[in-house]
Amino acid sequence: MKIAFCCTDTRPEPWLQGLSAALPQADIQVWQPGMAPFDYAVVWAPPQQFIDEQPGLRALFNIGAGVDGLLKLRLPPGLAVVRLEDAGMSVQMAEYVCHALIRHFREFDAYEASARQGQWSFRKPRSRADFPVGIMGLGVLGRRVAQAVAQFGFPVNGWSRAPRALDGVQTYSGPQGLQDFLAASRVLVNLLPLTPDTENILNHDTLGRLQPGGYLINVARGAHLVDADLLALLDAGQLAGATLDVFRTEPLPAQHPFWQHPKITVTPHTSARTLRGETIAQVAGKIARLARQEPITGVVDVARGY
Ligand code: NDP
Ligand code: OXD
C-alpha cells in the first residue's frame, strides 16, 4: 500500500521513520506535486493541489482533532476524513484547563503581584460552589476536562448537540439548552469543533449570559470568539478575565489588543499538542484495519462538520 505524508510545518523524517516502523509493508513518501496515486494520506493543512491530484485516496488522516481547516478544501465526495481521537491530547487539555481555572479561582495573579512587592498578604478564600464551570462540547476532550474539573469539586455543566449523560455533570443540549447552560455557569470552557453552527458562538449575547464575574477559557478555535465582544465585556467589568489559546489569526498579530490586556492570558495554541508517538500508533492502527476491510472510529461526518 502507498501512503502520502503531506503535513505543512512538520519535519517529515521522524514521521516517516515512525510510520514505516509501524507499517513495514507500506511505501510511505513525502508528497510532491505530480506524484503517482497513493492509497492513504497523513495530512495537516495540505494544499488544495494535493487533494486535486489524489482523487483516488481511500482515506485522509488528519493529525489533529479539529478538521475545520481540512473541510474548507474541495474534497472528493465520499472521501473518508479521519480525525485524531485523543492520542494523548485529552490529558493535556485537562491540565491546561484546570491550571487556568485554578489560577483564576485561587487568585494566583494577585498573589504573584503581592509577592513582587514583598507583601505577605492573604486573600479571603472563595467557594467552589460560586464558580460553576460550563464546558461547551462533551466530546473526547470535553468529557476528560469535565471529569478533571469535577475532581477538584467544582460544579460542572456540559453542553453538547445531542443529549449526553455524564456522571457528576449537569448536562444541557441543543440551541434550546444553551441559555440555561450559560446562566448556570460562571467559568466557560470552549471545546467545540468549529462548524457553521458554532462560528462566533462566543459573543456579546452568550458571554453576557454567564454569571457575574464570568471567566472564559477558549481552547478550541479562534473563530468561535468575537474578539471585540470579549474586550467590551471585560472593559465593562461584566467578565473577570479570559485565558485564550487559539485566535482568528495565528500567530496572534503583534498589535492585537489581547497581548497587552491585563485581564487576558495568551498562550500560542499549545493547550493540547499532537504527540508523534501516540498519533503514529493510532493512525497506523487505523490504516491496518482499513487495509483488512475492518471498520474504524473517528471518521468525520463531513456534512455536520465534525
Ligand atoms: P469531538 O468531535 O469529540 O466533540 C465535539 C463535541 O462538540 C461533541 O460533544 C458535540 O456534540 C459538540 N458539538 C458540536 N457541534 C455542536 C453544536 N452545534 N452545539 C452543541 N454542541 C456541539 O471533538 P474533540 O473533543 O476531540 O475536540 C474538540 C475541538 O477541540 C476540536 O474540534 C478542535 O477544534 C479543538 N482542539 C484544540 C486543540 C488546541 O491545542 N487548542 C487541540 C485539539 C483540539 P455531540 O456530542 O452531540 O456530537
Ligand atoms: C487540533 C489542534 O485540532 O491542534 O488537534 O488544534
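Thresholds applied
- Residues numbered from 1 in each chain as written.
- Chains lettered and ligands numbered in written order.
- Predicted model: local features only at pLDDT ≥ 70, side-chain atom pairs only at ≥ 80, totals over all residues.
- Heavy atoms only, no water.
- Phe/Tyr/Trp six-rings, centres within 6.5 Å; stacked < 30°, edge-to-face > 60°.
- Helix = DSSP H or I, 4+ residues; strand = E, 2+ residues; numbered from the N terminus.
- Buried < 20%, exposed > 50% of the residue type's maximum accessible area, 1.4 Å probe, protein only.
- Lys NZ or Arg CZ within 6 Å of the ring centre and 35° of its normal.
- Salt bridge = Lys/Arg side-chain N within 4 Å of Asp/Glu carboxyl O.
- Near = heavy atom within 4 Å.
- Polar contact = N/O pair within 3.5 Å; in protein donor to acceptor, adjacent residues only side chain to side chain.
- Areas by Shrake-Rupley, 256 points an atom, 1.4 Å probe, with all protein chains shown as cover.
- Nonpolar A, V, L, I, M, F, W, Y, C, P; charged D, E, K, R; others polar.

**Section: the packing of aromatic side chains**
Evaluation of the coordinates by the stated rule reveals 8 aromatic pairs. Between tryptophan 31 and phenylalanine 50, the aromatic rings sit 5.2 Å apart at their centres with planes inclined by 75°, giving edge-to-face as the arrangement. Of the two residues, tryptophan 31 sits in the loop between strand E2 (27-30) and strand E3 (40-44) while phenylalanine 50 sits in helix H2 (residues 48-53), which places them 19 residues apart along the sequence. You can call tryptophan 31 buried: its relative accessible area is 9%. The buried category is assigned to phenylalanine 50, whose relative accessible area is 0%. In textbook terms, an aromatic cluster arises when at least three aromatic residues are bridged by ring pairs, as seen for Phe105, Phe131 and Phe154. Taking NZ or CZ as reference, lysine 2 lies 4.8 Å from the ring centre of phenylalanine 38, over its face.

**Brief notes about the pattern of salt bridges**
Throughout the structure, instances matching the rule amount to 11 salt bridges. Arginine 11 is paired through a salt bridge with glutamate 13; the nearest N and O atoms lie 3.7 Å apart. Judged by relative accessible area, glutamate 13 falls into the partly exposed class, the value being 43%.

**Regarding the site of ligand 2**
Within the structure, ligand 2 sits among Gly64, Ala65, Gly66, Met89, Arg221 and His269. The contact in question runs from an oxygen atom of ligand 2 to an N or O atom on the backbone of glycine 66, over 2.7 Å. In the environment of ligand 2, an oxygen atom lies 2.7 Å from a nitrogen or oxygen atom belonging to the side chain of histidine 269. Burial of ligand 2 by the protein amounts to 85% of the accessible area it has alone, namely 210 Å². Its residues assigned to classes, the shell around ligand 2 shows 2 nonpolar, 3 polar and 1 charged.

Any functional reading would require information beyond the geometric quantities listed.
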